[in-house]
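Listed below are the residues making up each chain.
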Amino acid sequence: QVQLVESGGGLVQPGGSLRLSCAASTGIFRFNTMGWYRQGPGKERESVAAISSGGSTNYADSVKGRFTIPRDNAKNTLYLQMNSLKPEDTAVYYCNADKYYGINKVAYWGKGTLVTVSS
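Because the structure is a prediction, the values reported are computed rather than measured. (Residues numbered from 1 in each chain as written. Predicted model: local features only at pLDDT ≥ 70, side-chain atom pairs only at ≥ 80, totals over all residues. Heavy atoms only, no water.)

**Examining the state of the cysteines**
Then, number 1: Per the counting criterion, the structure on display carries one disulfide.
Then, number 2: In this model Cys-22 forms its disulfide with Cys-95; the gap between the sulfur atoms is 2.1 Å. Torsion about the S-S bond of the Cys-22 and Cys-95 cystine: about -80°, corresponding to left-handed handedness. Taken together, the residues span a long stretch of sequence, with Cys-22 in strand 3 (residues 18-24) and Cys-95 in strand 10 (residues 91-101) at a distance of 73 residues. Take Cys-22 and Cys-95: they sit in the same class, and that class is buried. (Disulfide = S-S within 2.5 Å. Helix = DSSP H or I, 4+ residues; strand = E, 2+ residues; numbered from the N terminus. Buried < 20%, exposed > 50% of the residue type's maximum accessible area, 1.4 Å probe, protein only.)

**Description of the nonpolar core**
Then, number 1: The biggest cluster of nonpolar side chains holds 28 residues, and the ones touching the most others in it are Met-34, Trp-36, Leu-80, Met-82 and Tyr-93.
Then, number 2: Those residues within four positions of Met-34 in sequence are excluded, and the remaining contacts are Leu-4, Cys-22, Ile-28, Ala-49, Ala-50, Ile-51, Ile-69, Leu-78, Cys-95, Asn-96 and Ala-97. (Core = buried A, V, L, I, M, F, W, Y, C linked by side-chain atoms within 4.5 Å. Contact = heavy atoms within 4.5 Å.)

**Side note on the pairing of strand 9 (residues 77-82)**
Then, number 1: Of all six residues that make up strand 9, five are buried, and the element is covered over most of its length.
Then, number 2: Note: strand 3 against strand 9, six bridges, orientation antiparallel. Bridging from a neighbouring strand, Ser-21 pairs with Tyr-79 of strand 9.
Then, number 3: Inspection of the sheet shows strand 7 (residues 67-68) paired to strand 9 by two bridges, in the antiparallel sense. (Pairing = 2+ DSSP bridges.)

**A closer look at the packing of aromatic side chains**
Then, number 1: Per the counting criterion, the structure on display carries two aromatic pairs.
Then, number 2: Ring centres of Tyr-37 and Trp-109 lie 4.9 Å apart, and the angle between their planes is 65°; this geometry places the pair in the edge-to-face category. Within this pair, whereas Tyr-37 is found in strand 4 (residues 33-39), its partner Trp-109 is found in strand 11 (residues 104-109), the two being separated by 72 residues in sequence.
Then, number 3: Taking NZ or CZ as reference, Arg-45 lies 3.8 Å from the ring centre of Tyr-94, over its face.
Then, number 4: Lying over the aromatic face of Tyr-101, Lys-99 brings its terminal NZ or CZ to 5.8 Å of the ring centre. (Phe/Tyr/Trp six-rings, centres within 6.5 Å; stacked < 30°, edge-to-face > 60°. Lys NZ or Arg CZ within 6 Å of the ring centre and 35° of its normal.)

Structure (structure tokens):
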């Protein structure tokens, strides 16, 4: 059973930075893609950033230039480095990992960590 555990959320002022961590119970090299999603108050869950097994990254337009998605395979940990935070970044952030078995995709999710951007 794969487990993903997020940490690092909290309260930060606008313009500040936070680094979220997602610790996996198995080697993250096993996943085809990993990423971060978020769900703000009254909003649908949206993709924030993703990284493929080959290292290619994608970012939502709203976070480009502010967020990065580094990973540490040796620590089985995915990160989300968030800089220049804005109030609209307030959300529960979820870690995701996808593994393809042929054409079938299995998605794994963490329970989320809350980020609040407020003065």
